[in-house]
Amino acid sequence: MSERIGQPAERRVLVVEDERTIAESVAARLRTEGFAVEIARDGPTAVSMAERIRPDLVVLDIMLPGFDGLEVCRRIQAERPVPVLMLTARDDETDLLVGLAVGADDYLTKPFSLRELAARVHALLRRVERAAAFAHEDQRTIRLGDLEINQAERRVRRNGIEVHLTPTEFDLLVHLASRPRAVLPRERLLAEVWGWPEGCGTRTVDSHIKGLRRKLGADLIRTVHGVGYALEVRQ
Ligand code: CA
């Protein structure tokens, strides 16, 4: 990766897709949007490339040779949190829920338009960058019972043990923890955390809540049926 002197570094996108025509058209479109793009065509290459080029975002197909996109997502998220836009071959709910649970932030079902893909990539980066800017302003560490959220460093501990969260899980947890015990409707969480319009994708919220419970303990977040979620605090 060469960086031109005097210019801001280009944002890097790693495209992981074994179907050559899709990979190349996605890469070409993202290059015209000003991104530096690299392509990986199988699971193991994707993981090593993500370590090497440290992308700002990963576009990740689920069906891949080597190991699949879900395993790629697990491994790259374990290394360092990075926003992931997952591509699914069909509207397969199982793939989708597992994908969101292993740390994908958003998904697109094939076939998709390149315009839609570019819009999702920009939206996801805007959200992550806005969250980072917000965290920079608000350096306060939230302490609720045995839960500690260090916003400046984007680190979370429960019972003194550090828990690794994806960028979306972290933002969702901060939203819930900023108003402990308040019931936050799914639509509001979608609008505030994801920046999505009301009425779409509420099961995305459910899947990320599932991820938070798996990592932080099932007792932390209460479901209010038909409404949303609330963070419970034991002092
Ligand atoms: Ca594929």
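Now for a quick tour of the structure. (Residues numbered from 1 in each chain as written. Predicted model: local features only at pLDDT ≥ 70, side-chain atom pairs only at ≥ 80, totals over all residues. Heavy atoms only, no water.)

### Thoughts on the overall build of the protein
Here is the rule we go by: Numbering of helices and strands starts at the N terminus; helices are DSSP runs of H or I of at least 4 residues and strands are runs of E of at least 2. Exposed residues in this analysis have more than 50% of their type's maximum accessible area, buried residues have under 20%, and partly exposed residues fall in between, with area computed by a 1.4 Å probe over protein chains only. Here a residue-residue contact requires only that any non-hydrogen atoms of the pair lie within 4.5 Å. For accessible areas, the Shrake-Rupley method is used with a probe of radius 1.4 Å. Any residue's cover is judged against the shown protein chains and nothing else.
When helices and strands are tallied, the protein shows eight helices and twelve strands. Evaluated residue by residue, the protein yields a buried proportion of 47% over its 235 residues. In the protein, the proportion of contacts linking residues at least 24 apart, taken out of those at least 6 apart, comes to 57%. Carbon and sulfur atoms form 49% of the exposed surface of the protein, whose accessible area is close to 11500 Å².

### Thoughts on the sheet that holds strand β3 (residues 57-61)
Condition: By the convention used here, strands pair only if DSSP detects at least 2 bridges between them. Here, axes are lines fitted to C-alpha atoms. For helices the fit covers the stretch in contact, and angles between N-to-C directions go from 0 to 180 degrees.
Within the open sheet, the five strands sit side by side as β2-β1-β3-β4-β5. Their pairing is parallel. Each edge of the sheet is formed by a strand with only one pairing partner; in this case those strands are β2 (36-40) and β5 (106-109). The average angle at which neighbouring strand axes cross in this sheet is 20°, direction not considered. Two strands pair when backbone bridges link them, and strand β1 (residues 12-16) and β3 are joined in this way by four bridges, in the parallel orientation. Note on β3: the bridge partner recorded for Val15 is Val59. Against the sheet, helix α1 (residues 20-32) makes contact with β1, β2 and β3, and its axis sits at roughly 170° relative to β2, the strand it touches most.

### Quick notes on the pairing of strand β11 (residues 221-224)
Two strands pair when backbone bridges link them, and β11 and strand β12 (residues 228-231) are joined in this way by four bridges, in the antiparallel orientation. In the strand pairing of β12, Ile221 is matched with Leu231. In textbook terms, the turn of a hairpin is the stretch between consecutive antiparallel strands, and for β11 and β12 this stretch comprises three residues, one of which, Gly226, has a positive phi near 80°.

### Some thoughts on the coordination of the calcium ion
Stated precisely, the cut-off is as follows: Sites may look incomplete, because water is not among the atoms used; the donor set itself consists of N, O and S atoms within 2.8 Å of the metal (3.2 Å for Na, K and Ca).
Around the calcium ion, the donor atoms from the protein are Glu17 (OE), Asp18 (OD), Asp61 (OD) and Met63 (O), and they sit 2.1 to 3.0 Å away. Along the chain, the residues donating to the calcium ion are arranged with the sequence spacing E-D-x42-D-x1-M. Placement of Glu17 in the loop between β1 and α1 and of Met63 in the loop between β3 and α3 (69-79) is noted, with a sequence separation of 46 residues between them.

### A few points about unusual backbone geometry
Each neighbour pair has its own omega, and for Lys110 with Pro111 the value is -5°, a cis peptide bond. Mapping Pro111 onto the fold places it in the loop between β5 and α5 (114-137). In this structure, Asn159 is a non-glycine residue whose phi angle is positive, near 55°. Assignment of secondary structure puts Asn159 in the loop between β8 (155-158) and β9 (161-163).

### As for the packing of aromatic side chains
Applied cut-off: Each Phe, Tyr or Trp ring (for Trp, its six-membered ring) is paired with any other whose centre lies within 6.5 Å, and the angle between the two planes then decides the class: stacked below 30 degrees, edge-to-face above 60, tilted in between. Consider the ring centre and the ring normal. A charge sits over the ring if Lys NZ or Arg CZ is within 6 Å of that centre and within 35 degrees of that normal.
This model, assessed by the stated rule, comprises zero aromatic pairs. Taking NZ or CZ as reference, Arg75 lies 4.1 Å from the ring centre of Phe67, over its face.

### Re the pattern of salt bridges
Heads up, the condition is: Whenever Lys or Arg places a side-chain nitrogen within 4 Å of a carboxyl oxygen from Asp or Glu, that contact is recorded as a salt bridge.
Taken as a whole, this structure holds 20 salt bridges when the rule is applied. Note that Asp146 is salt-bridged to Arg158, the shortest N-O span being 3.0 Å. Linking Asp146 in the loop between β6 (141-144) and β7 (147-150) with Arg158 in strand β8, this pair joins segments that are twelve residues apart in sequence. In the salt-bridge network here, residues are joined through shared partners; they are Glu17, Glu19, Asp61 and Lys110.

### Side note on the environment of Ile62
Looking at the secondary structure, you find Ile62 in the loop between β3 and α3. For Ile62, a relative accessible area of 3% translates into the label buried. Expressed as a C-alpha distance, the spacing of Ile62 and Val16, which sit 46 residues apart in the sequence, is 8.9 Å.

### Looking at the side chain of Arg158
Quick reminder of the rule: We call two N or O atoms a polar contact when they sit within 3.5 Å, provided that within protein one can donate a hydrogen and the other can accept it, with sequence-adjacent residues counted only if both atoms are side-chain atoms.
Residue class for Arg158 comes out buried when judged on its relative accessible area of 10%. Within the structure, Arg158 has its side chain in polar contact with the side chain of Asp146 (distance 3.0 Å).

### Section: the sheet that holds strand β10 (residues 184-185)
One open sheet accounts for three strands, arranged β10-β12-β11; its pairing is antiparallel. The sheet is open, and its two borders are formed by β10 and β11, each paired with just one other strand. Across two bridges, the pairing between β10 and β12 is antiparallel. Within β12, the position partnered with Leu184 by the bridge is Tyr229. Sheet contacts for helix α6 (residues 167-178): β10, β11 and β12; angle to β12, the most-contacted strand, approximately 70°.

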